[in-house]
Amino acid sequence: MVKALLLRGLGCCSGLVRGTILLLFMQEGMAALPAATLIDLSGSATVTGVISSRLATPLSIGDTLSVGSCIQVSAASEAALMLSDRSQIRLDQNARFWLNIRGSAPEERSFQQGENSLTSGRLWLRNKRQGSKPAIKTVNAIIGIRGTEMNILVDPVNSTTEVTALEGGIEASNRLGDAVRIGRGEQLSILAQEKPVV
C-alpha cells in the first residue's frame, strides 16, 4: 500500500528524489531474493531462521531459503541445495548449514561473494562457474573454493575440519595462520586451536 502511494506520487518529485526512492525499492527487492533452493531431499530436513521463527519447519523439494536460514539434516537423510550463485551443495545426515550472505546469480550485474557456515556434518560443493564462488566458514576455518569441487567434514565436538579438493584448488585459513592451498586429491586438516596443515 505504502509503495503504491509512493510510486503514484513520484510524478511530482525531482529526478534525484525519484531515483533515490526507486533505488531503495530495488535494494529491498534484492534482499528478498532467495539465497538457495532445496533441489533434492532423501529423508527429512528442517529449517529455522531469524526472520521467520525459531521453530524448526520441515523442508520440501522446491522450497526457497533466505539469508539467515539454518538447514538441519536429519539422521539417515541427505539434502541438496542450489545456491543463488549456482553452486551445488549436498548435505549429509546430521549436517547443520547456515546461509549467511547471498552470492550473486550469473545473470546479475553486481558481484557479491556468498558466505555460508557448516557448523557440523559433511558437505560436498561444486561450482563450475567463472566468477562468484562461495566461502564456507566452519568452527575453526574459512574455506574458499578456487577450483570446482570439494568435500568438507566438520566435527564440532573436537573443533576439527577436514577439507578435500576433488577438482581444482581449495584455500583455507583461520586466525592462527596464513592461508593454505591444496590441489586435486589433497586433504587439509584443521585441528582445534591450530594453523591449517596439509
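From a predicted model like this one, the values you see are computed outputs, not experimental measurements.

1. A few points about the environment of Gly68
Within the fold, Gly68 resides in the loop between β4 (64-65) and β5 (69-73). In this structure the C-alpha to C-alpha distance between Gly68 and Asn116, which are 48 residues apart in sequence, comes to 9.6 Å.

2. Side note on empty space enclosed by the protein
Scanning the entire structure with this criterion turns up one cavity of 30 Å³ or more. Taken together, Ala35, Leu83, Ser84, Asp85, Leu99, Ile101, Arg102, Gly103, Gly114, Glu115 and Asn116 form the lining of the largest cavity. Breaking the lining of the largest cavity down by element, the ones donating at least two residues are β8 (96-101) and β9 (115-126). Here the lining of the largest cavity is built from residues that sort into four nonpolar, four polar and three charged.

3. Focus: the side chain of Thr164
The residue Thr164 is located in strand β13 (residues 160-167) in this model. Judged by relative accessible area, Thr164 falls into the buried class, the value being 18%. Within the local environment of Thr164, its side chain forms a polar contact with the side chain of Gln187, the two groups lying 3.3 Å apart. In this view, Thr164 contacts Glu149, Met150, Asn151, Glu186 and Gln187; residues no more than four positions away in its chain are not counted.

4. Observations concerning the nonpolar core
Ranked by size, the top nonpolar core spans 36 residues in total, and within it Ile71, Leu91, Phe97, Leu118, Leu123, Met150 and Ile152 carry the most contacts. Apart from residues no more than four positions distant in its own chain, Leu91 is found in contact with Ile71, Val73, Ser77, Glu78, Ala79, Leu81, Phe97, Leu118, Arg122 and Leu123.

5. A look at the environment of Gln113
Structurally, Gln113 can be placed in the loop between β8 and β9. On a C-alpha basis, the gap between Gln113 and Gly103 in space is 4.8 Å, while along the polypeptide they are ten residues apart. If we ignore the near neighbours within four places in the chain, the residues touching Gln113 are Ile101, Gly103, Ser132, Lys133, Pro134 and Ala135. There is a polar contact of 3.0 Å between the side chain of Gln113 and the backbone oxygen of Lys133.

6. What to know about the side chain of Asn127
Counting through the fold element by element, Asn127 comes out in the loop between β9 and β10 (135-137). Residue Asn127 is classed as buried on the basis of its relative accessible area, which comes to 0%. Only 2.7 Å separates the side chain of Asn127 from the side chain of Ser87, close enough to count as a polar contact. Among residues more than four places away in sequence, those in contact with Asn127 are Asp85, Ser87, Ser132, Lys133, Pro134, Ile145, Gly147 and Thr148.

7. Observations concerning the confidence of the model for the chain
With 81% of its residues at a pLDDT of 70 or more, the chain shows a mean pLDDT of 84. Per-residue pLDDT, averaged within each element of the chain, yields its smallest value for helix α1 (residues 2-8) (38) and its largest for strand β1 (residues 36-42) (98). Throughout residues 1-30 the model reports pLDDT below 50, and contacts reaching past four residues in sequence, or to other chains, amount to twelve contacts.

Conventions and cut-offs
- Residues numbered from 1 in each chain as written.
- Predicted model: local features only at pLDDT ≥ 70, side-chain atom pairs only at ≥ 80, totals over all residues.
- Heavy atoms only, no water.
- Helix = DSSP H or I, 4+ residues; strand = E, 2+ residues; numbered from the N terminus.
- 1 Å grid on protein atoms, 1.4 Å probe; cavity = no way out; pocket = protein on both sides within 12 Å on 5 of 7 lines; lining within 4 Å.
- Points joined across faces, edges and corners; volume = space filled by probe spheres on them.
- Nonpolar A, V, L, I, M, F, W, Y, C, P; charged D, E, K, R; others polar.
- Buried < 20%, exposed > 50% of the residue type's maximum accessible area, 1.4 Å probe, protein only.
- Polar contact = N/O pair within 3.5 Å; in protein donor to acceptor, adjacent residues only side chain to side chain.
- Contact = heavy atoms within 4.5 Å.
- Core = buried A, V, L, I, M, F, W, Y, C linked by side-chain atoms within 4.5 Å.
- pLDDT = per-residue confidence, 0-100.

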